[in-house]
Amino acid sequence: MSQERGRRKLMLRLPDIRHLLADVANETLGELFEAYDLAVDALARFRTQNPREDKLVAEYEELCRDIEQEVVVYCTNR
């Protein structure tokens with residue numbers, strides 16, 4: 001379930017490779033989708049619950065960007 005939510009979130013975030021994300025199903029990407037889903041959810045919680053936790057918010061923003069970049073590289077190098 002978390003993998004599919006992560007896939008959908010990435011499809012919205014990365015429209016240029018949406019068609020690739022829709023067609024790909026493997027363990028590596030599944031793990032990245034799940035990690036992205038968890039990271040985005042945590043980031044949203046940190047932004048609303050702890051607005052003064054700038055360092056934590058910045059860390060999770062970077063984590064989300066890193067996962068996005070990893071997914072782009074993985075999908076475009078196949």
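Residues numbered from 1 in each chain as written. Predicted model: local features only at pLDDT ≥ 70, side-chain atom pairs only at ≥ 80, totals over all residues. Heavy atoms only, no water.

A.B. asks: Would you mind going over the pattern of salt bridges with me for this structure?
C.D. replies: As a working rule, side chains carrying opposite charge can pair if their charged atoms are close by. Summed over all chains, the structure comprises six salt bridges. Where R13 meets E68, a salt bridge forms, and the shortest distance between an N and an O atom there is 3.0 Å. Of the two residues, R13 sits in helix α1 (residues 2-13) while E68 sits in helix α4 (residues 54-76), which places them 55 residues apart along the sequence. Owing to a relative accessible area of 52%, R13 belongs among the exposed residues under this scheme. (Salt bridge = Lys/Arg side-chain N within 4 Å of Asp/Glu carboxyl O. Helix = DSSP H or I, 4+ residues; strand = E, 2+ residues; numbered from the N terminus. Buried < 20%, exposed > 50% of the residue type's maximum accessible area, 1.4 Å probe, protein only.)

A.B. asks: It is not clear to me how the environment of T76 should be interpreted in this structure. Could you clarify?
C.D. replies: For T76, the location among the structural elements is in helix α4. Using a relative accessible area of 47% as the deciding quantity, one classes T76 as partly exposed. With 56 residues separating them along the chain, T76 and L20 place their C-alpha atoms 8.4 Å apart.

A.B. asks: Got a minute to help me understand the packing of helix α3 (residues 27-49) against α4 in this structure?
C.D. replies: Packed helix pairs are characterised by how far apart their axes lie and by the angle those axes make with each other. Following both chains from N to C, one finds α3 and α4 inclined at 155°, their axes separated by 9 Å at the closest point. Considering their axes alone, α3 and α4 lie roughly antiparallel with respect to each other. Where α3 crosses over α4, the two elements pack in a sense that is left-handed. Judged by residue contacts, T28, L29, L32, A35, Y36, A39, V40, A42, L43, F46 and R47 of α3 engage L56, V57, Y60, E61, L63, C64, I67, E68, E70, V71, Y74 and C75 from α4. Looking at side-chain class alone, the contact of α3 with α4 contains 18 nonpolar, one polar and four charged residues. (Axes fitted to C-alpha atoms, helices over the stretch in contact; angles between N-to-C directions. Parallel < 35°, antiparallel > 145°, perpendicular 65-115°, else oblique. Left-handed = near helix turned anticlockwise from the far one by under 90°. Contact = heavy atoms within 4.5 Å. Nonpolar A, V, L, I, M, F, W, Y, C, P; charged D, E, K, R; others polar.)

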